[in-house]
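# Remarks on the overall topology
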Amino acid sequence: MALKPLIFLLSLFLVLGGCSPKPETPVDKDPVENAYRRLDRGDTSGAIAQLETLMREDPRPEVRDALASAYAARAGVFIDSYWGLISSFRAPVISNDQIRGTGVVARLARILTQLESRPELAGSQGLAQLVKVMASLELWQRRIDTLPVVEGPARQDLFRAMQVLEPTRKQGSRLYRALLGLVWFRSELQDGYHGWGRIEATLQKQDWRKTDPAQGRRILCDINFQQFTEWSARLVSVLGATIEDVTVAYPSKRDELRQAVRESERISRQFENAGRTTCR
Amino acid sequence: MSLKNLCREVLLMSIVVTIISGLMASLAHAAPSAPRSLTLGLSDSDDKALGGVCHSLDVGGQALPCNPAFIARETKPNFRAQLFAGNNISYMQDVSKLLDGEGDRENMQRLFSQTRASEMEANLEGAYRRPTFGVAFSPYRLMYYSFIRNRSLPVITLLAAQEQTLRFQFAGYAGDDWSWGLQVRGVRRTFIASTFSITDAFSEDHDDILGPRQQSAVYLEPGFLKEYPDSPWRTQFTGTLSQLGAVDRKADDFPTSPELHLGSAVRPPVSLGELELGLDLAFSSQTSHWSDPFRLGASYEIGVTKVSGSAGASEHAFGFQLRYWDMTGGLTYTSRWIKNWIGEDEWVRTVYLQFGFNI
């Protein structure tokens, strides 16, 4: 009977089955998984405290991802609602020659056409450049208008999440940072438009084809271009950093994205120059 | 059989069980995330309806029996083929594309737009059986498991696998109503087993996390059967040692972690049809609670209809099959109780369909 060889074979397989490399850390012993459990239970502050401590000891990029997601959760930003936007993201085509826009930008563009017939009115060039900046930002904003707006202290959590991810070179982490940056960009853009509405209301009261030059100069130069210069420059700077994060995740889109950012930055610098020389 | 011989055989079995249990404890690996019944189980209606009790009951509906010793009881040659599929079969095309390395963003979007945990299983198998020998070939078994947590930045544990399996079963009589059996099983797997965030999946260079891997495995799985044909209820005792083998590349989700099945079955006489009741005790490296090994099962066949079911500590199942000429069709429902990710009680429910024919 072939019993002895059979017992030998069975013993051999028992030994072979046991000769294996040590398994990796089981999922339930990973502190990052425990932090995820806290997040899914709604204990974002507890998860943040745990992960801030862990980040000081554990250099894994997963820890930074988890901590950033904890801050984002406390800010109310849940990527599962928006990741489709990232997967289909396309940079807008920015043109310095033609102002195209909707809503506020379109209405201001109509005011500009009135001002074009009055070159003697100082401040009109600055206004024109400002409208171009707003038009370029609106093109970006249309790409991200499905993202949430984060207000108040939550925006600090969002900013902290972006800070946590800044040192990492992992593509997925930089893509996540880019998404958070776009949420921050959208929120800041939303703030700016509120102020812009007041300016529009002031400008629309005038028939610029008939306005007295002195009065027109007074109105245009009362516009706080400096405030909008700083605001738009900050926005374009954040946009540039965000797009750099996207290019880490999508190297093949680097040229397309950087071209769009360069155009936006150039328009912003032109506005800065026009603002400095106007209304002296 | 005399009482003395019966006691001797029970003592011998106890010693063997103790030794093997001790050996299996030393082979314990980290528990895989996907359920063991999905990664290492069989994909057919009887296995799902009866669970481990299929090692004690030979209900005859499978390509090859769970316990290879049962093939010794085969009475005539026959050929059979079956197609088996469970929940979420709509994912089959997307999973296949991922395994072929052709997954695109649309595939991943569909797979990741799911509830917290998802499973999918499908199998195509053909078999030839004759007394003391059986062979089965499954050119295509597909399984999928995903588990998502952290809504803020979804992290996914993904297991997708495609297998080809070839099984041979040999059996014989050892006298005194003892039968022995041996299954030799070869498995070739292509699989993706990875944990990553959704932004990792959507970045341009995701080959590292979604790159398919291969594993080849060979298993030697013995079984025995001890019958008491003269007893009023035709009692039988069974034992099988499954998942005993070696692989070319270790993978936590497909461990070579043996599983010992000890069981018993009876066939009480009924006025109509045929009734079988079975008990199985399954021991593996995942056994942690005293109630884990136990599973009770039953099968009742009358005419062209067969119903079967089983219940264990944390799951139960029910199956229904119809036979028409050479064709068979079945529906199986399983329900598994788990403590979910955040510690809440949850039932994972699955429905399977099977179609087959016997010649």
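Residues numbered from 1 in each chain as written. Chains lettered and ligands numbered in written order. Predicted model: local features only at pLDDT ≥ 70, side-chain atom pairs only at ≥ 80, totals over all residues. Heavy atoms only, no water.

### A word on the overall build of chain A
Quick note on the threshold: Helix and strand assignments come from DSSP, with helices taken as H or I runs of at least 4 residues and strands as E runs of at least 2, each series counted from the N terminus. Relative accessibility under 20% of the residue-type maximum defines a buried residue, over 50% an exposed one, and the middle range a partly exposed one, all with a 1.4 Å probe and only protein chains included. Residue contacts are defined here by distance: any two heavy atoms, one from each residue, within 4.5 Å place the two residues in contact. Surface accessibility follows the Shrake-Rupley procedure with a 1.4 Å probe radius. Residue values consider only the protein chains on display as shielding.
Each helix and strand counted, chain A has 12 helices and zero strands in total. When the elements of chain A are put in sequence order from the N terminus, they spell out α-α-α-α-α-α-α-α-α-α-α-α. The buried share of chain A, reckoned over its 280 residues, is 51%. Long-range contacts, defined here as pairs at least 24 residues apart, represent 79% of the contacts in chain A between residues at least 6 apart. Total accessible area on chain A is roughly 13,700 Å²; 51% of this is exposed by carbon and sulfur atoms.

### A short note on the domain arrangement of chain A
Residue and element names in this part refer to chain A. Filter applied, for reference: For the domains described, the bounds stem from an automatic or database domain assignment. Values labelled buried area give the accessible surface lost by two parts on being combined, using a 1.4 Å probe and summing over both. In the sections that follow, a salt bridge refers to a side-chain nitrogen of Lys or Arg positioned within 4 Å of a carboxyl oxygen of Asp or Glu.
Once the domains are mapped, chain A shows domain 1 (30–74) and domain 2 (78–277). Between domain 1 and domain 2, the residue contacts involve 12 residues of the former and 12 residues of the latter. Taking both sides of the interface into account, the surface hidden between domain 1 and domain 2 amounts to around 1,100 Å²; carbon and sulfur atoms contribute 61%. When residues of domain 1 are sorted by the area they lose upon contact with domain 2, R64, D65 and Y71 head the list and together hold 43% of the total. Remark: the boundary between domain 1 and domain 2 carries three salt bridges. The partner of R160 in a salt bridge is E52, with the nearest N and O atoms 3.2 Å apart.

### As for the nonpolar core
Going by this rule: What we call a nonpolar core is a set of buried Ala, Val, Leu, Ile, Met, Phe, Trp, Tyr and Cys residues that are connected through their side-chain atoms within 4.5 Å.
Formed by 77 residues in total, the largest nonpolar core has its most connected members in L180 of chain A together with V95 of chain B. The biggest single contributor to this core is helix α9 (residues 171–204) of chain A, with 10 residues. Taken together, domain 1 (30–74) and domain 2 (78–277) of chain A each give at least three residues to this core, which thus spans both. Those residues in contact with V95 of chain B that sit more than four places away from it in its chain are L111, M120, L142, M143, Y144 and A160 of chain B. A161, F191, A193 and A251 of chain B belong to the second largest nonpolar core, which has 12 residues in total.

### Observations regarding the packing of aromatic side chains
Pairs of aromatic rings are described using the distance from one ring centre to the other and the angle between the two planes. Selection rule: Two rings from Phe, Tyr or Trp (for Trp, the six-membered ring) form a pair when their centres sit within 6.5 Å of each other. Planes less than 30 degrees apart are called stacked, planes more than 60 degrees apart edge-to-face, and all others tilted. Whether a charge sits over a ring comes down to the Lys NZ or Arg CZ being within 6 Å of the ring centre and within 35 degrees of the ring normal.
Summed over the entire model, instances satisfying the criterion amount to 10 aromatic pairs over all chains. Taking 6.2 Å as the distance between ring centres and 40° as the angle between the ring planes, the aromatic pair formed by F159 of chain A and W184 of chain A counts as tilted. In this pair, F159 of chain A is assigned in helix α8 (residues 154–165) and W184 of chain A in helix α9, connecting sequence segments 25 residues apart. For F159 of chain A, a relative accessible area of 39% corresponds to the partly exposed category. For W184 of chain A, a relative accessible area of 10% corresponds to the buried category. Note on Y228 of chain B and F237 of chain B: the rings are 6.0 Å apart at their centroids and 90° apart in plane angle, and the pair reads as edge-to-face. Residue Y228 of chain B is classed as partly exposed on the basis of its relative accessible area, which comes to 22%. An aromatic cluster of three or more residues is present, and its members are F133, F168 and F170 of chain B. Over the ring of Y228 of chain B we find K226 of chain B; its NZ or CZ atom is 5.0 Å from the centre of that ring.

### Topic: the packing of helix α4 (residues 61–74) of chain A against α8 of chain A
Residues and elements named next belong to chain A. Our working rule: A fitted line through C-alpha atoms serves as each axis, taken over the contacting stretch for helices, and the angle formed by two N-to-C directions is quoted from 0 to 180°. Under this scheme an angle from 65 to 115 degrees is roughly perpendicular, one under 35 degrees roughly parallel, and one over 145 degrees roughly antiparallel; angles in between are oblique.
The geometry of α4 relative to α8 is characterised by a closest axis approach of 8 Å and an angle of 170° between their N-to-C directions. By the angle between their directions, the pair α4 and α8 is classed as roughly antiparallel. On α8, the residues touching R64, D65, L67, A68, Y71, A72 and R74 of α4 are D157, R160, A161, V164 and L165.

### Looking at the state of the cysteines
All names here are of chain B. The line we're drawing: Whenever a pair of cysteine sulfur atoms sits within 2.5 Å, that pair is classed as a disulfide.
Going through the model one piece at a time under the given rule, you end up with one disulfide over all chains. Put simply, C54 and C66 are joined by a disulfide, and their sulfur atoms are 2.0 Å apart. Disulfide C54 to C66: torsion about the S-S bond roughly -100°, handedness left-handed. Of the two residues, C54 sits in the loop between α3 (45–50) and β1 (78–85) while C66 sits in the loop between α3 and β1, which places them 12 residues apart along the sequence. C54 gets classed as buried once you look at its relative accessible area, which sits at 1%.

### A few points about the pattern of salt bridges
Between side chains of opposite charge, a pair can form as their charged atoms come close. As enumerated under the stated definition, the model contains 25 salt bridges over all chains in all. With its nearest N and O atoms 2.6 Å apart, the salt bridge here joins D245 of chain A to R174 of chain A. Of this pair, D245 of chain A sits in helix α11 (residues 225–249) while R174 of chain A sits in helix α9, placing them 71 residues apart in sequence. Linking K306 of chain B and D46 of chain B is a salt bridge whose minimum nitrogen-to-oxygen distance equals 3.5 Å. Of the two residues, K306 of chain B sits in strand β12 (residues 305–312) while D46 of chain B sits in helix α3, which places them 260 residues apart along the sequence.

### With respect to the pairing of strand β10 (residues 274–283) of chain B
All names here are of chain B. Rule in force here: Two strands are counted as paired when DSSP detects at least two bridges linking them.
Of the strand pairs in this sheet, strand β9 (residues 259–266) and β10 are connected by seven bridges, and their pairing is antiparallel. Paired with A265 across the bridge in β10 is G278. Across eight bridges, the pairing between β10 and strand β11 (residues 294–302) is antiparallel. In the strand pairing of β11, L277 is matched with A298.

### Brief notes about the confidence of the model for chain A
Residues and elements named next belong to chain A. Note the cut-off: Across the chain, each position has a pLDDT score giving the predictor's confidence in that residue, from 0 to 100.
On average, chain A scores 74 in pLDDT, and the residues at 70 or more come to 66%. Across chain A, α4 holds the top mean pLDDT of 95, while helix α1 (residues 3–18) sits lowest at 48. Considering only residues more than four positions removed or in separate chains, one finds that residues 1–6, a stretch of pLDDT under 50, has one contact. The model gives residues 13–27 a pLDDT under 50, and that stretch makes 28 contacts with residues more than four places away or in other chains.

### Things to note about helix α2 (residues 31–41) of chain A
Basically, it comes down to this: For this quantity, the arc is that covered by the directions from the helix axis to the C-beta atoms. Pairs of N or O atoms within 3.5 Å make up the polar contacts considered here, provided that, within protein, one atom can donate a hydrogen while the other can accept it, and that residues adjacent in sequence are counted only when both atoms are side-chain atoms.
Three or more residues of α2 of chain A are buried, namely V32, E33, A35, Y36, L39 and D40 of chain A. The buried side chains of α2 of chain A occupy one side of the element, clustering within an arc of 155° when seen end-on. Where α2 of chain A is buried, its residues contact α3 (44–57) and α4 of chain A together with β3 (133–149) and β4 (155–175) of chain B. N-cap assignment for α2 of chain A: the residue whose side-chain oxygen lies 3.0 Å from the backbone N of V32 of chain A is D30 of chain A. Two residues or fewer after α2 of chain A comes G42 of chain A, characterised by a positive phi angle close to 95°.

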